[in-house]
Amino acid sequence: MAKEKPRKALQELLQRPGNQLCADCSAPDPDWASHTLGVFICLNCSGIHRNIPHVSKVKSVRLDSWDDAQVEFMATNGNNVAKARYESKIPPFYYKPTFPDCQLLREQWIRAKYERKEFIYTEKQEPYSAGYREGLLWKRGRDNGQFLNRKFVLSEREGALKYFNKNDAKEPKAIMKIEHLNATFQPSKIGNPHGLQITYLKDNSTRNIFVYHDDGKETVDWFNAIRAARFHYLQVAFPGASDVDLVPKLSRNYLKEGYMEKTGPKQTEGFKKRWFTMDDRRLMYFKDPLDAFARGEVFIGSKENSYKVLEGLPPSTQGNHWQYGITIVTPDRKFLFACETESDQQEWITAFQKVISRPMLPQEYAVEAHFKHKP
Ligand SMILES: [Zn+2]
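This is a predicted model, so every value here is computed, not measured. (Residues numbered from 1 in each chain as written. Predicted model: local features only at pLDDT ≥ 70, side-chain atom pairs only at ≥ 80, totals over all residues. Heavy atoms only, no water.)

J.: Go over helix 2 (residues 43–50) with me, naming the residues and quoting the values.
T.: All buried positions along helix 2 are accounted for by Cys45, Ser46, Ile48 and His49. Seen end-on, helix 2 carries its buried residues on one side only, within an arc spanning 155°. Where the residues of helix 2 are buried, they touch strand 1 (32–34), strand 2 (39–41), strand 3 (58–60) and helix 5 (103–115). (Buried < 20%, exposed > 50% of the residue type's maximum accessible area, 1.4 Å probe, protein only. Helix = DSSP H or I, 4+ residues; strand = E, 2+ residues; numbered from the N terminus. Arc of directions from axis to C-beta. Contact = heavy atoms within 4.5 Å.)

J.: So, the packing of helix 5 against helix 8 (residues 216–237): which residues are in play, and what are the values?
T.: Two elements in contact, helix 5 and helix 8, have axes separated by 10 Å at closest approach and are oriented at 95°. Looking at the two axes, helix 5 sits roughly perpendicular to helix 8. On helix 8, the residues that touch Leu104, Leu105 and Gln108 of helix 5 are Gly216, Lys217, Thr219, Val220 and Phe223. When the residues that make up the contact of helix 5 with helix 8 are grouped by side-chain class, the tally is four nonpolar, three polar and one charged. (Axes fitted to C-alpha atoms, helices over the stretch in contact; angles between N-to-C directions. Parallel < 35°, antiparallel > 145°, perpendicular 65-115°, else oblique. Nonpolar A, V, L, I, M, F, W, Y, C, P; charged D, E, K, R; others polar.)

J.: Please give an account of unusual backbone geometry that cites residues and values.
T.: The backbone of Ser26 sits at a positive phi, close to 65°, despite the residue not being glycine. You can see Ser26 is positioned in the loop between helix 1 (4–14) and strand 1. For Ser26, a relative accessible area of 33% puts it in the partly exposed group. One non-glycine residue with positive phi stands out, namely Ser306, at about 70°. If you trace the backbone, Ser306 turns up in the loop between strand 14 (296–299) and strand 15 (308–311).

J.: Summarise the coordination of the zinc ion; cite the residues concerned and give the values.
T.: Geometry reference: four tetrahedral donors at a metal, ideal angle 109.5 degrees. Six octahedral donors, ideal angles 90 or 180 degrees. Within the protein, the atoms that donate to the zinc ion are Cys22 (SG), Cys25 (SG), Cys42 (SG) and Cys45 (SG), at distances of 2.2 to 2.3 Å. Considering all four donor atoms around the zinc ion, angles at the metal cover 105 to 117° and the coordination shape is tetrahedral. Summarised as a motif, the one-chain spacing of the donors to the zinc ion is C-x2-C-x16-C-x2-C. Taken together, the residues Cys25 in the loop between helix 1 and strand 1 and Cys45 in helix 2 connect sequence positions 20 residues apart. As far as burial versus exposure is concerned, Cys25 and Cys45 are alike and both buried. (Donors = N, O, S within 2.8 Å, 3.2 Å for Na, K, Ca; no water. Tetrahedral: all angles 85-135°; square planar, octahedral: opposite > 155°, others 65-115°.)

J.: Any chance you could break down the pattern of salt bridges for me, citing the residues and the numbers?
T.: Close approach of charged atoms allows side chains with opposite charge to pair. The tally for this structure, following the rule as stated, stands at 20 salt bridges. With a shortest N-O distance of 3.0 Å, Glu115 and Arg111 are connected by a salt bridge. One end of the pair, Glu115, and the other, Arg111, are both in helix 5, four residues apart, so they sit about a helical turn from each other. Classification of Glu115 by relative accessible area gives partly exposed; the value is 27%. Among the residues examined, Arg111 registers a relative accessible area of 17% and is labelled buried. Across the pair Glu158 and Lys162 runs a salt bridge, and its minimum N-O distance is 2.9 Å. Judged by relative accessible area, Glu158 falls into the partly exposed class, the value being 41%. By relative accessible area, which is 12% here, Lys162 ends up buried. Taken together, the salt bridges that share partners define one network made up of Asp280, Arg281, Arg358 and Glu364. (Salt bridge = Lys/Arg side-chain N within 4 Å of Asp/Glu carboxyl O.)

Nothing here speaks to function; it is geometry throughout.
Right, here's the structure in full:
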């Protein structure tokens, strides 16, 4: 058990600015510490630090015993000093994970900072800063679900990510424009701890591809290279916009995903179970979570434009369906959904309300117009 004096000193250090959040994932009230790096971290991150023992040695602030020299080291360092050292040259587009993110992102962030020291030595940032990247990724086959090794090329000059079905192929199998590209880690959905979902727009409908690399660093390098390409694209597209405005647009996590039941436009053909993805204002549905493209999409505008979400279904609703209904009212029609549980229903309603309560941006009217012309 910790002796009284060091324990009290450490408790005081935890109150200092910067030490109240985990140095690596910003979780509140860290109560672990790396006494070789001089940072206070959460239990989760301390587990990752244990995997790099040549760089970091961890102790519990409350449960382990500390000697005076170790406490002194923590006092002269701490999270703000470590940030100034290990995060000094972090590119603005680089994704900084927080505690809700997947294990891969949090682990690679810790390794990039302390083990590889990527943000001290900028030459180590070349894999995601050069504006060009090529390499092999395991890509899920569109229809058979088999992962095959495919060559990918990300070129900022061409403004595109491409992949090739054969290594010596001249013509790419697909060209995905950086303008419409989104990348998001989806390990559980893809069934691989490094699983990355890349979506792009083709003829205004969303396409999905699912990839991973066996090496965690390579996978996260691809992700940050895509973010870099998006950043440089947006800097040109929106001159004068600040980094703070652009960085949240580099990649989007989905507001919510999961199964619901839906009816067709006439609401007479019964409810069918579909996988739904809420990507900003686009509610997409798929037969299977790993489908290459959406069966359909519903655009959800703002309340000013007559979009509404209601709990429950109209009294006239027929057929068997899950118990917890949601009705989305758009200027054109009503969409009926049914959720299996009440908590699902409430989470979906919260996600829909989030976009409905936000005024529409000029470019979102163009997306809405496209959906209105659909049957
Ligand atoms: Zn943490």
